[in-house]
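Chain by chain, the residues run as shown.
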There are 2 protein chains.
Amino acid sequence: MDTLPEWSDVLSATRILDGIAHRTPVLTCRTLDHLTGAHVFLKCENFQRTGSFKFRGAFTAVRSLDAKQRRHGVITHSSGNFAQALALAARLEGITATVIMPEDSTPAKLRASRGYGARVILCKPVQASRVEATRREQQKSGATFVDSHDDARIIAGQGTAVFELVEQIQSTEATRDHRSASPLDVVLAPVGGGGLLAGTAIAAKHLCPALRVIGCEPSAADDAFRSLQEGRRIVDFVPRTIADGLRTPLGEMNFAVIRSLVDEIITVSEAEIVGAMRWAWERLKVIIEPSSAVALAPLLARTSRFQGDRVGVVLSGGNVDLDPFFATMPGPYP
Amino acid sequence: MDTLPEWSDVLSATRILDGIAHRTPVLTCRTLDHLTGAHVFLKCENFQRTGSFKFRGAFTAVRSLDAKQRRHGVITHSSGNFAQALALAARLEGITATVIMPEDSTPAKLRASRGYGARVILCKPVQASRVEATRREQQKSGATFVDSHDDARIIAGQGTAVFELVEQIQSTEATRDHRSASPLDVVLAPVGGGGLLAGTAIAAKHLCPALRVIGCEPSAADDAFRSLQEGRRIVDFVPRTIADGLRTPLGEMNFAVIRSLVDEIITVSEAEIVGAMRWAWERLKVIIEPSSAVALAPLLARTSRFQGDRVGVVLSGGNVDLDPFFATMPGPYP
């Protein structure tokens, strides 16, 4: 395992992303605060380029490549947001990206990866086939493999979201002449492969050591929860969750960071995930994907849990396949 | 017809709404600017309280009532956003609201009006029945009728959205030391009953006389377009559009304002409306309702039309019945 990322890596990533990643807005909602008795700050990474926080890590990693690596491009396997993120990051740096995607990916996901200029290669939807296809392509092209989450540069990039969130809260409250003792008491972030949660923990604990960092996970894919409980990384599980971004097993490096810095993992049911997603669409008028809803669900499902707290929530992404919805729409008339 | 509203009425409404209505955010989008060659500023009234701009007018009207009127409450007929807006406005002022709604309203709409505390009375879904039910209730309770759009206070309230938009653009650009000659060249707003467009025109033409004010309307309910062409208000038409907020015929007072201040009406097809709505959901990650999409559609459907312009768009609301979508969602998983 490589050296674990540190605060200085998050700081470097912030400089790399300046002017390239969106400084995504922070939403607050009177109804949500009223419902929970907390003061909630929603960091909208669903508004990030390519529709998720993944762009932060992907661009940070691509920027680190040397001239020789750049000539041969990058390669990854991903069925979701990381594919799009790496594709755009590579395009912005003028290098080629190859993405191995399972052949049962939705048309929307394939469209999106190709839309950002990636060369997409389909494989059978099983891990062995993914790895084999990636290895084969890598041998042919000499492309550099970029892992979607278990990589120090990726973790550092993902950590910039919560750094921004803290800065945004502080600067808003400074203009209102109402500076709180601590910008946040708690931060909630979803955990799948663990890159976002690890980066969030590194940044949050550096900025406000008393800040509690909580990972949120579907009960139906609770490998991080059980890994922390048992003190060893659990990888043999079959995720059956609607939160498609959180089906990845926890990475090795991420487990090491999370184990030392994360205070707690909360698990939520599938009904709670769908309920939180619907609540955001209906009340916030903002599209979040199921994986984001996982970090919002603890607030809505256990409304008294965070009473009196200042709570940050990383709304990680907003990529949802809308084909089924628009198929139900009436019209076009006449 | 009462006296037409003026700039001073919009200014008063701004003071009434201060701290009560949300100062909704203005979104910009690199992809949209790239696509259109314009610089587009989206005023997000879908994030307004009750999910649409209607709250601005409703609260402005309710605040104007005297003590005697307040005792007897307010009444309106509406199948949509104005019902919720009036309900919340009345509740905030501690008075009762009665809303006459057609019996074929979606469960979501009935739920929403009741959720904001309105007494809902159902009637047959035809204009005569609405008017009759309203008259009968009004006689019983002595409540004050508040029209959803053809009312000077309502128009003034709706005009505050574009006033805010201009202020927000100016203050953002001032901090970046990049003040443009004019904050906007064009503003696009949807037109149904005409309250929003009339208020927008009054505010816009006062603030920047050279600013072109364009109303956007479904071809399938193009009464404003035809009224301006023929120089008389056309009210006999059967609207068959998905833009449920724009099926109302143009009001008399609104026609007078629009005729004198609005530069043009653009009509869009049903396919263009659905396309623009989907684009906003997919790319902006923001829920807009079909009526809002009507004002975005001219940019997306005629991409070269506004090249080089600074364009404001009023995204009027985000109230969409999500029942059909969540019915298609997989799970909750066991």
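The structure displayed is predicted, hence computed values, not measured ones.

Calculation criteria
Residues numbered from 1 in each chain as written. Chains lettered and ligands numbered in written order. Predicted model: local features only at pLDDT ≥ 70, side-chain atom pairs only at ≥ 80, totals over all residues. Heavy atoms only, no water. Domains from an automatic or database assignment. Contact = heavy atoms within 4.5 Å. Buried area = accessible area lost by both parts, 1.4 Å probe. Salt bridge = Lys/Arg side-chain N within 4 Å of Asp/Glu carboxyl O. Polar contact = N/O pair within 3.5 Å; in protein donor to acceptor, adjacent residues only side chain to side chain. Helix = DSSP H or I, 4+ residues; strand = E, 2+ residues; numbered from the N terminus. Nonpolar A, V, L, I, M, F, W, Y, C, P; charged D, E, K, R; others polar. Least-squares fit on C-alpha atoms with pLDDT ≥ 70 in both. Pairing = 2+ DSSP bridges. pLDDT = per-residue confidence, 0-100. Core = buried A, V, L, I, M, F, W, Y, C linked by side-chain atoms within 4.5 Å. Buried < 20%, exposed > 50% of the residue type's maximum accessible area, 1.4 Å probe, protein only. 1 Å grid on protein atoms, 1.4 Å probe; cavity = no way out; pocket = protein on both sides within 12 Å on 5 of 7 lines; lining within 4 Å. Points joined across faces, edges and corners; volume = space filled by probe spheres on them. Axes fitted to C-alpha atoms, helices over the stretch in contact; angles between N-to-C directions. Parallel < 35°, antiparallel > 145°, perpendicular 65-115°, else oblique. Disulfide = S-S within 2.5 Å.

Student: Sorry if this is basic, but what is going on with the domain arrangement of chain A here?
Tutor: In many reports, interface size means the accessible area that the parts give up when they come together. All names here are of chain A. You can read the domains of chain A as domain 1 (7-52 + 151-323) and domain 2 (54-145). Placing a centre on the C-alpha atoms of domain 1 and another on those of domain 2 gives a separation of 25 Å. On the domain 2 side, the residues contacting the 25 residues of domain 1 number 22 residues. Roughly 1900 Å² is buried in total at the junction of domain 1 and domain 2, and carbon and sulfur atoms are behind 55% of that figure. Scanning the region where domain 1 abuts domain 2 turns up 4 salt bridges. The residue Glu45 makes a salt bridge to Arg56 at a minimum N-O spacing of 2.7 Å. Inspection of the region where domain 1 meets domain 2 yields 10 residue pairs in polar contact (both at pLDDT 80 or more). Of all the secondary structure elements, the ones that give two or more residues to the side of domain 1 that touches domain 2 are α1 (7-17) and α8 (152-175). The biggest single contributor to the side of domain 1 that touches domain 2 is α8, with 7 residues. Considering only residue class, the side of domain 1 that touches domain 2 consists of 7 nonpolar, 9 polar and 9 charged.

Student: Is there a simple way to explain the relation of the copies chain A and chain B in this structure?
Tutor: Two chain copies here: they are related by a rotation about an axis and a translation along the same axis. Superposing chain A onto chain B takes a rotation of 180 degrees plus a shift of 0.0 Å along the axis, which leaves an RMSD of 0.0 Å. The relationship between the two copies is best expressed as a two-fold rotation axis. A shared interface surface links the copies, since 100% of the contact residues of chain A are contact residues in chain B too.

Student: Honestly, the sheet that holds strand β5 (residues 119-123) of chain B in this entry has me stumped. Any pointers?
Tutor: Hydrogen bonding along the main chain pairs the strands of a sheet, whether they run parallel or antiparallel. Taking strand neighbours across the sheet as the criterion, the 4 strands line up as β5-β4-β3-β6 (chain B) in an open arrangement whose pairing is parallel. Looking along the sheet, the strands with just one partner apiece sit at the ends: β5 and β6 (144-145) of chain B.

Student: Could you clarify how one ought to interpret the confidence of the model for chain A in this entry?
Tutor: Detail in the predicted coordinates should be disregarded across regions flagged by low pLDDT. When pLDDT is averaged across chain A, the result is 93; 97% of the residues are at 70 or more. Interface confidence in the predicted complex, given as ipTM, is 0.92; pTM for the same model is 0.93.

Student: Sorry, what's going on with the nonpolar core here?
Tutor: Across soluble globular proteins, you tend to see nonpolar side chains buried next to one another. Formed by 87 residues in total, the largest nonpolar core has its most connected members in A:Trp281, A:Leu296 and B:Trp281. The residues touching A:Leu296, leaving out its near neighbours within four places in the chain, are A:Leu32, A:Leu42, A:Ala276, A:Trp279, A:Ala280, A:Ile288 and A:Val313.

Student: Looking at this model, I keep getting lost on the layout of surface pockets. Mind explaining?
Tutor: If you roll a probe as big as a water molecule over the atoms, it shows you where there is empty space left. Residues and elements named next belong to chain A. A volume near 260 Å³ is recorded for the second largest pocket. If you trace the second largest pocket, you find 13 residues lining it, with Leu17, Asp18, Gly19, Arg23 and Glu164 closest to the centre. For the lining of the second largest pocket, the secondary structure elements donating two or more residues are α1 and α8. Per-element accounting of the lining of the second largest pocket gives the leading share, 4 residues, to α8. A class-by-class count of the residues in the lining of the second largest pocket yields 3 nonpolar, 4 polar and 6 charged.

Student: I'm lost on helix α3 (residues 54-63) of chain A in this one. Help?
Tutor: In an α-helix, one turn spans 3.6 residues; hence positions three or four apart end up facing the same way. Residues and elements named next belong to chain A. The buried fraction of α3 amounts to 9 of the 10 residues, a majority that puts the element mostly inside the structure. Looking at α3, one finds that the buried residues are Lys54, Phe55, Arg56, Gly57, Ala58, Phe59, Thr60, Ala61 and Val62. Those residues of α3 that are buried lie in contact with α1, β2 (39-44), α4 (67-72), α5 (81-92) and α8.

Student: Would you mind going over the sheet that holds strand β10 (residues 310-315) of chain B with me for this structure?
Tutor: Residues and elements named next belong to chain B. One open sheet accounts for 6 strands, arranged β1-β2-β10-β7-β8-β9; its pairing is mixed. One side of each edge strand has no neighbouring strand; the edge strands of this open sheet are β1 (26-27) and β9 (264-268). Examined bridge by bridge, strand β8 (residues 212-218) and β9 share 5 bridges and lie parallel to one another. Its bridge partner lying in β9, Gly215 is registered against Ile265. Most of the contacts of helix α12 (residues 270-284) go to β9, to which it runs at about 85 degrees, and overall it touches β2 (39-44), β8 and β9.

Student: Honestly, the packing of helix α1 (residues 7-17) of chain B against helix α3 (residues 54-63) of chain B in this entry has me stumped. Any pointers?
Tutor: All names here are of chain B. Contact geometry for α1 and α3: axes closest at 10 Å, N-to-C directions at 90 degrees. Classed by the angle they form, the pair α1 and α3 counts as roughly perpendicular. Where α1 abuts α3, its residues Ala13, Ile16 and Leu17 lie against Arg56, Phe59, Thr60 and Arg63. Class assignment for the residues of the contact of α1 with α3 results in 4 nonpolar, 1 polar and 2 charged.

Student: I'm lost on the pattern of salt bridges in this one. Help?
Tutor: As a working rule, side chains carrying opposite charge can pair if their charged atoms are close by. In the structure shown here, the tally under the stated rule is 44 salt bridges over all chains. Ionic contacts of the salt-bridge type, sharing partners, join the residues A:Lys43, A:Glu45, A:Arg56 and A:Glu164 into one network.

Student: Whenever I open this one, the state of the cysteines confuses me. Can you help?
Tutor: Cysteine pairs can be linked by a disulfide, which is a covalent bond between their two sulfur atoms. All names here are of chain A. Evaluation of the coordinates by the stated rule reveals 0 disulfides over all chains. Cys44 carries a free sulfur, and the closest cysteine sulfur to it, the one in Cys29, is 11 Å from it. Residue Cys208 stays outside any disulfide, its sulfur separated by 18 Å from that of Cys216, the closest cysteine. You can call Cys208 buried: its relative accessible area is 9%.

Student: Just checking my understanding: could you explain the interface of chain A and chain B for this structure?
Tutor: Taken together, the 39 residues of chain A in the interface contact 39 residues of chain B. Here chain A meets chain B over a buried area of about 3500 Å², counting both sides, of which 67% is carbon and sulfur. Inspection of the region where chain A meets chain B yields 2 salt bridges. Note that B:Asp323 is salt-bridged to A:Arg278, the shortest N-O span being 2.5 Å. Applying the counting criterion to the chain A and chain B interface returns 8 residue pairs in polar contact (both at pLDDT 80 or more). For the side of chain A that touches chain B, the secondary-structure elements that each account for two or more residues are α12 (270-284) and α14 (323-328) of chain A.

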